[in-house]
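Each chain, written out:
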Amino acid sequence: MTNTPGALLGPAEIRELAGRLGVRPTKTLGQNFVHDGGTVRKIVRAAGVQPGDRVVEIGPGLGSLTLGLLEAGASVVAVEIDPVLAGQIAETVHRHAPDADFEVVTADAMDVTDLPGAPPSALVANLPYNVAVPVLLTFLQRFASLRSVLVMVQAEVADRLAAPPGSRTYGVPSAKAAWYGAARRSLNVSRHVFWPEPNVDSALVAIERHDPPVTTATREQVFAVVDAAFAQRRKTLRAALSGTFGSGAAAEEALRAADVDPRLRGERLSIADFARIAEHLPAPAGTVDG
């Protein structure tokens with residue numbers, strides 16, 4: 001195993017670390033460790049990380065990407081659910097980048113509501129495939145300081161996140177991601193740079209944050225309309241939203257008031273369209289105007 005400061009993790013060191021720790025990558029946690037330094041540096045470059053940037057990384061694993069981010073001059077706070085890996089990554093960073101600004105939080109990313117140190121401006125991560133979308137959306141919701149995102153996900157998920165309205169893959173992840181920012185598919189990542197090698201292809205998705213649509217509806221109301229519209233995506237909006245609005249007639253009235261054709265399906269609407277519809281949701285039972 002190399003102890004050279006500044007070096008990224010290679011295949012031999014990753015296997016040695018995993019063996020010493022008794023770590024066996026599991027499908028339950030969606031663990032696949034990147035072992036190719038060239039790929040790590042490509043990811044960091046694609047993320048546009050600059051010296052001094054505060055980056056949050058989710059699921060750092062053994063630290064391959066972490067060391068690449070630190071090499072670029074970023075300060076990094078990593079969120080790792082596995083206590084064994086969380087303990088090891090601090091030691092790995094100290095050995096390879098002893099002067100780096102690095103902290104690790106041992107927690108499930110879905111439970112994290114604040115982070116130590118300065119608020120992060122960027123999220124860069126190799127997200128576990130089985131929780132990629134909820135983790136991504138949760139962090140965008142909880143950390144308004146995040147201005148940019150670059151995450152590695154299953155290629156199929158990348159397509160969904162970056163899909164525009166009207167495309168075959170546009171759906172709930174696409175619409176909700178669009179609330180927070182403009183998503184685009186970035187680089188493809190070969191399955192051969194992982195250990196263990198996954199049986200799916202991977203890709204990077206970049207999101208540049210922007211303000212949500214101007215609306216009187218809350219995010220929760222807008223997302224509820226999105227969920228209902230895609231729950232049975234073959235149905236027209238009039239039919240799909242009938243339960244949400246109480247009847248098909250009420251749904252049609254709300255859709256027309258929002259300037260949306262009731263005969264359309266959810267896949268045709270932008271997040272701004274969903275926001276206008278949400279403005280016409282019925283008041284909760286028991287609510288009294290004034």
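Since the structure is predicted, the reported quantities are computational estimates derived from the model, not experimental observations.

### Some thoughts on the overall build of the protein chain
When helices and strands are tallied, the protein chain shows twelve helices and nine strands. For the protein chain, the spread of C-alpha atoms along the principal axes amounts to about 70 × 40 × 30 Å. The buried share of the protein chain, reckoned over its 290 residues, is 48%. Pairs at least 24 residues apart make up 71% of the contacts formed inside the protein chain by residues separated by at least 6 positions. Carbon and sulfur atoms form 51% of the exposed surface of the protein chain, whose accessible area is close to 13,300 Å². Here the protein chain contributes 28 positive and 31 negative side-chain charges, whose respective centroids are spaced 8 Å apart.

### As for the pairing of strand 3 (residues 75-80)
Both faces of the sheet carry side chains from a regular strand, because those side chains alternate between them. Extensive coverage of strand 3 is indicated by the burial of six of its six residues. With burial as the criterion, each face of strand 3 is covered, one bearing Ser-75, Val-77 and Val-79 and the other bearing Val-76, Ala-78 and Glu-80. Inspection of the sheet shows strand 2 (residues 54-58) paired to strand 3 by five bridges, in the parallel sense. When the bridges of strand 3 are listed, Arg-54 appears paired with Ser-75.

### Some points on the side chain of Thr-66
With respect to the helices and strands, the residue Thr-66 is situated in helix 3 (residues 64-71). Overall, the relative accessible area of 0% leaves Thr-66 in the buried class. Discounting residues that sit within four places of it in the chain, Thr-66 has contacts with Glu-57, Pro-60, Val-76, Ile-89, Val-93 and Phe-102.

### What about the sheet that holds strand 7 (residues 181-189)?
Pairing in this open sheet of seven strands is mixed, and the strands run 4-3-2-5-6-9-7 from one edge to the other. Of all the strands in the sheet, just strand 4 (102-106) and strand 7 have a single pairing partner and so form its edges. Taking the axes of each pair of neighbouring strands and ignoring which way they run, one obtains an average angle of 20° across the sheet. Contacting strand 3 and strand 4, helix 4 (residues 83-96) crosses the sheet at an angle of about 175° to strand 4.

### Some thoughts on the packing of aromatic side chains
The description of an aromatic ring pair rests on the distance of the ring centres and on the angle between the ring planes. Going through the model one piece at a time under the given rule, you end up with five aromatic pairs. Where Tyr-170 meets Phe-230, the ring centres are 6.0 Å apart and the plane angle is 70°; that geometry is what we call edge-to-face. Of this pair, Tyr-170 sits in the loop between helix 6 (155-162) and helix 7 (172-180) while Phe-230 sits in helix 8 (residues 219-231), and the two are 60 residues apart along the sequence. Residue Tyr-170 shares its accessibility class with Phe-230, and that shared class is buried.

### Quick word on the nonpolar core
Grouped together as the largest cluster of nonpolar side chains are 58 residues, with contacts concentrated most on Leu-123, Phe-139, Leu-241 and Phe-274. Leave out the neighbours within four places in its chain, and Leu-241 touches Val-225, Ala-228, Ala-229, Ala-251, Leu-255 and Ile-277. Core analysis: the next-biggest nonpolar cluster, separate from the first, contains 36 residues, Leu-8, Ile-43, Val-124 and Ala-206 among them.

### Some thoughts on helix 3
Counting buried residues along helix 3, seven of its eight residues qualify, which places the element largely inside the surrounding structure. Every buried residue of helix 3 is accounted for by Ser-64, Leu-65, Thr-66, Leu-67, Gly-68, Leu-69 and Leu-70. Positive backbone phi, approximately 95°, marks Gly-73, located one or two places after helix 3.

### Description of helix 6
Every buried residue of helix 6 is listed here: Ala-155, Val-157, Ala-158 and Leu-161. Around the axis of helix 6, the buried residues are gathered within 155° of arc, so they sit on the same side. Taken together, the buried residues of helix 6 touch helix 5 (132-142), strand 6 (148-154), helix 7, strand 7 and strand 9 (202-209).

### Brief notes about the pattern of salt bridges
A side chain of one charge can pair with a side chain of the opposite charge when the charged atoms of the two come close. Summed over the entire model, instances satisfying the criterion amount to 14 salt bridges. Between Asp-101 and Arg-54 there is a salt bridge, with the nearest N and O atoms lying 4.0 Å from each other. Here Asp-101 is found in the loop between helix 4 and strand 4, whereas its partner Arg-54 is found in strand 2, with 47 residues between them in sequence. Take Asp-101: its relative accessible area is 44%, and that puts it in the partly exposed class. Residue classification places Arg-54 among the buried residues on the basis of a relative accessible area of 7%. Residues joined in a network through salt bridges with shared partners are Arg-54, Asp-101 and Glu-103.

### Comments concerning the packing of helix 5 against helix 7
For the pair helix 5 and helix 7, interaxial distance at closest approach is 10 Å and the crossing angle is 20°. On the basis of their axis angle, the class for helix 5 and helix 7 is roughly parallel. For the pair helix 5 and helix 7, the sense of crossing is left-handed. Contacts from Val-133, Leu-137, Leu-140 and Gln-141 of helix 5 reach helix 7 at Pro-173, Lys-176, Ala-177 and Tyr-180. Grouping the amino acids of the contact of helix 5 with helix 7 by side-chain chemistry returns six nonpolar, one polar and one charged.

Definitions and cut-offs
Residues numbered from 1 in each chain as written. Predicted model: local features only at pLDDT ≥ 70, side-chain atom pairs only at ≥ 80, totals over all residues. Heavy atoms only, no water. Helix = DSSP H or I, 4+ residues; strand = E, 2+ residues; numbered from the N terminus. Buried < 20%, exposed > 50% of the residue type's maximum accessible area, 1.4 Å probe, protein only. Contact = heavy atoms within 4.5 Å. Areas by Shrake-Rupley, 256 points an atom, 1.4 Å probe, with all protein chains shown as cover. Lys, Arg positive; Asp, Glu negative; His and termini not counted. Charge placed at Lys NZ, Arg CZ, Asp CG, Glu CD. Pairing = 2+ DSSP bridges. Axes fitted to C-alpha atoms, helices over the stretch in contact; angles between N-to-C directions. Phe/Tyr/Trp six-rings, centres within 6.5 Å; stacked < 30°, edge-to-face > 60°. Core = buried A, V, L, I, M, F, W, Y, C linked by side-chain atoms within 4.5 Å. Arc of directions from axis to C-beta. Salt bridge = Lys/Arg side-chain N within 4 Å of Asp/Glu carboxyl O. Parallel < 35°, antiparallel > 145°, perpendicular 65-115°, else oblique. Left-handed = near helix turned anticlockwise from the far one by under 90°. Nonpolar A, V, L, I, M, F, W, Y, C, P; charged D, E, K, R; others polar.

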